[in-house]
Amino acid sequence: MSDQGKIIIETFQQARRFCEQVALLIQTTNSVMDEHGWVSSVGSAVTHSSSTKSADEWLPYFAYCYFESKERRGLLPFLGVLFDYDDEDSKVQMIPEPLVTAGWYDYGKDGKREAYILWHAVIHVYIPGWKADGSWVEAKPNEVFPKKFGKLSSLRCRSFALPVLSLKNTEDLTRLVIDPLLEDIGAGTD
Amino acid sequence: MIAALLHGKLSRKQENMEDILTSIVFGVLKHLPPDLILLPWLSKVRSEDGLALAPDEILRPDVDVDYDFWPQWKEKDCGVCEPDLALWLTWPQPGTQRWVIGIEAKYLSGKSSIADNQQSHPNDQLAREWDNLASIAQKENCEPFLIYLTADFRLPTDEIRASREDFQRTRGSERPFACYWLSWRHLSALLDSIHNEQVPSYVELLKDLGDALRKLELTFFSGFSRPTSMSTVPWNFIAPAQHLESLFAGFAKASIFPSIDWRFRKLQSVYANYQRLSKIEWRFTK
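Numbering of residues starts from 1 in every chain and runs along the sequence as written. For naming, the first written chain is A and the first written ligand is 1, with later ones following in the order written. Whole-chain, interface and lining totals are the exception, using all residues; otherwise, since this is a predicted model, local features are given only for residues with pLDDT of at least 70 and side-chain atom pairs are given and counted only at 80 or more.

1. Some points on the overall build of chain A
Secondary structure follows DSSP: runs of H or I at least 4 residues long count as helices, runs of E at least 2 residues long count as strands, and numbering of each begins at the N terminus. Along the backbone of chain A there are three helices and six strands. What you see in chain A, going N to C, is helices and strands ordered as α-β-β-β-β-β-α-β-α. On C-alpha atoms alone, chain A measures out to a radius of gyration of 17 Å, which is about the 16 Å that the 2.2 N^0.38 rule sets for 190 residues. Across its three principal axes, chain A shows a C-alpha extent of roughly 60 × 40 × 30 Å. Counting other C-beta atoms within 10 Å of a residue's own tells you its class, since 20 or more makes it buried, 12 or fewer makes it exposed, and anything in between is partly exposed; those C-beta atoms are placed from the backbone. Relative to its full complement of 190 residues, chain A shows a buried share of 34%. Residue pairs qualify as contacts under a 7 Å threshold applied to their C-beta atoms, which are placed from the backbone. For chain A, long-range pairs separated by at least 24 residues make up 65% of all intrachain contacts whose partners lie at least 6 apart in sequence. Here the globule rule reads 2.2 Å times residues to the power 0.38, and the radius of gyration is calculated from C-alpha atoms.

See the structure below:
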């Protein structure tokens, strides 16, 4: 095997290992959120393309999980892991390293949501001047998301982000991501 | 058994066996003080309603624990069953309260039996075990608990609900079905949280147990492995036609391997070979 071929094999193996660890992070998040009454609401964790016309999407750009609660139907908490997410059309600020982002959408009293919940987990990097330092920001989804994502029915969204490699274990995940999320949700609309 | 697992001496089939996992884990816990690992682990159990075992009653640090591996139960009017473990918990004072905890352990497989409408007694594995356990507890004058121990990240609601339905169908509401859930992963997380100085006599034993759970991937999220640096690969795909070359030029920029200079060569050589082929004179004639 040539050295170059070996590098490609190792690159794919490394990418797959990273995916496995992200999956474990998401499953662990599901477990902790479940203990607090928030049930995973979307079955898949990534979206990708199998078309030769969208080969860059053969590998996912991000992974996600969303949650719902019968008691708080107006809220949609989420967690996303952004691998190398980019949106050249919308000129979002490039992410310098993989990020974990979490937050929640507020759908108001009636709680009516969009038919498809997919891109919601990447909203943080569409907010101008976003940072990955754990600080919360609030935005109106229809104002920050590009029009190509369609009209969203949520009133507002709060989110934050951190470098994903800053999470070393479940304790970090809980302390730095899930606990702040649950605490912030406490202030949300019922 | 742990050494065999950690040194790769078990076959894949053996590694996947829940009995061996049960033996590895509870075989160690049996020789440790209950309040060190077993009771903190049991404190993680949850019911469908989110209820835990009462820590002040059952999980007292001075409780005595007897291990009964793979007991065979066949109570009157009940189907035969063999849970993986029965834990008998007793307060140290004679004549005080006792509990019996039946544990059905799973690793990669689900329940071994499901409801059978032809049966007059519960046939679902958990329902059958609860049926026997409740009867045994009544005779022994102790309180029963059934724990479904799995590799799941969350309570396997559908499986427990199906067991409840089978129990209610056959037993009515005279004895309510009760089943708690616990994950092997909770044990792994618990072991990670214990510092060596807390357990000076058991450091190696608990390290081996934690390593065994990690080998079987029975952990929650534990961080990311450090990526290795990638070298440049001078390989590029070159599009076969002019109009596609512009597309692939963009592809190269957006490549996930920005340092890989790979291009796929045009199909010219293939076409050239095709052109060199001799004309086939063969024709099918009626």
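2. Section: the sheet that holds strand β4 (residues 99-106) of chain A
Residue and element names in this part refer to chain A. The strand order across the open sheet formed by six strands is β1-β2-β3-β4-β6-β5, and the pairing between neighbours is antiparallel. This sheet does not close on itself; its edge strands, each paired only once, are β1 (39-40) and β5 (137-139). Bridge count for strand β2 (residues 62-68) against strand β3 (residues 75-82) is five bridges, and the pairing is antiparallel. Bridge pairing in β3 links alanine 63 to valine 81. Across the sheet, helix α1 (residues 3-35) touches β1, β2 and β3, and the angle it forms with β2 is around 10 degrees. In this fold helix α3 (residues 170-185) packs onto β3, β4 and β6 (156-163), with an angle of close to 15 degrees to the strand it touches most, β4. In short, DSSP must find at least two bridges between two strands for them to pair. To define axes, lines are fitted to C-alpha atoms, for helices over the stretch in contact only, and angles between the resulting N-to-C directions are given on a 0 to 180 degree scale.

3. Overview of the pairing of strand β1 (residues 64-69) of chain B
Here is the key point about a regular strand: its side chains alternate between the two faces of the sheet. Residues and elements named next belong to chain B. Sparse coverage of β1 is indicated by the burial of zero of its six residues. Sheet analysis places β1 next to strand β2 (residues 85-90), joined by six bridges and oriented antiparallel. Its bridge partner lying in β2, aspartate 64 is registered against threonine 90.

4. Details of the packing of helix α7 (residues 184-193) of chain B against helix α8 (residues 203-215) of chain B
Residues and elements named next belong to chain B. The contact between α7 and α8 brings their axes to 10 Å, and the two run at 135 degrees. As summarised for this structure, α7 and α8 are arranged oblique, according to the angle between their axes. Note on packing geometry: the crossing formed by α7 with α8 is left-handed. Residues Trp184, Leu187, Ser188, Leu191 and Asp192 of α7 touch α8, and the partners they reach there are Leu206, Leu209, Gly210, Leu213 and Arg214. Note on residue classes: Ala, Val, Leu, Ile, Met, Phe, Trp, Tyr, Cys and Pro are nonpolar, Asp, Glu, Lys and Arg are charged, and everything else, Gly too, is polar. For the contact of α7 with α8, a count of residues per class yields six nonpolar, two polar and two charged. Roughly parallel means an angle under 35 degrees; roughly antiparallel means over 145; roughly perpendicular covers 65 to 115; every other angle is labelled oblique. A crossing counts as left-handed when the near helix is turned anticlockwise from the far one by less than a right angle, and as right-handed when that turn is clockwise.

5. Considering the interface of chain A and chain B
Chain A puts 25 residues into the contact, and the matching count from chain B is 19 residues. The set of elements that each furnish at least two residues to the side of chain A that touches chain B consists of α1 and α3 of chain A. With 15 residues, α1(A) is the largest single contributor of residues to the side of chain A that touches chain B. Residues belonging to the side of chain A that touches chain B are distributed by class as follows: ten nonpolar, ten polar and five charged.

6. Here's the deal with the pairing of strand β3 (residues 98-105) of chain B
All names here are of chain B. Here β3 lies mainly inside the structure; seven of its eight residues are buried. Inspection of the sheet shows β2 paired to β3 by six bridges, in the antiparallel sense. Considered in β3, the bridge of leucine 89 is made with tryptophan 99. Where β3 meets strand β4 (residues 143-150), seven bridges bridge the pair, whose relative direction is parallel. Among the inter-strand pairings, valine 100 is bridged to a residue of β4, identified as proline 144. A clockwise course of the path from the first strand over the helix to the second, judged with the strands pointing away from the viewer, identifies a crossover as right-handed. As for the winding sense of the linkage, the β-α-β connection from β3 through helix α5 (residues 125-140) to β4 is right-handed.

7. Structural notes on unusual backbone geometry
Residue and element names in this part refer to chain B. Positive phi values are uncommon outside glycine, yet tryptophan 70 reaches one of about 45 degrees. Summarising the element assignment, tryptophan 70 is placed in the loop between β1 and β2. The class of tryptophan 70 is exposed, set by 12 C-beta atoms lying within 10 Å. Although it is not a glycine, glutamate 217 sits at a positive phi angle of roughly 60 degrees. When you line up the elements, glutamate 217 lands in the loop between α8 and α9 (242-254).

8. Re the nonpolar core
Among buried residues, those of type Ala, Val, Leu, Ile, Met, Phe, Trp, Tyr and Cys that are joined through C-beta atoms within 7 Å form a set called a nonpolar core. Formed by 53 residues in total, the largest nonpolar core has its most connected members in A:Phe62, A:Phe78, A:Val81, A:Leu82 and A:Val100. Contributing elements (two or more residues each) for this core: α1, β2, β3, β4, β6 and α3 of chain A. With near-sequence residues (within four places) excluded, A:Phe78 lies in contact with A:Tyr64, A:Cys65, A:Tyr66, A:Ala102, A:Gly103, A:Trp104, A:His120 and A:Ala121. Formed by 47 residues, the second largest nonpolar core is a distinct cluster that contains B:Ile24, B:Ile37, B:Val100 and B:Tyr148.

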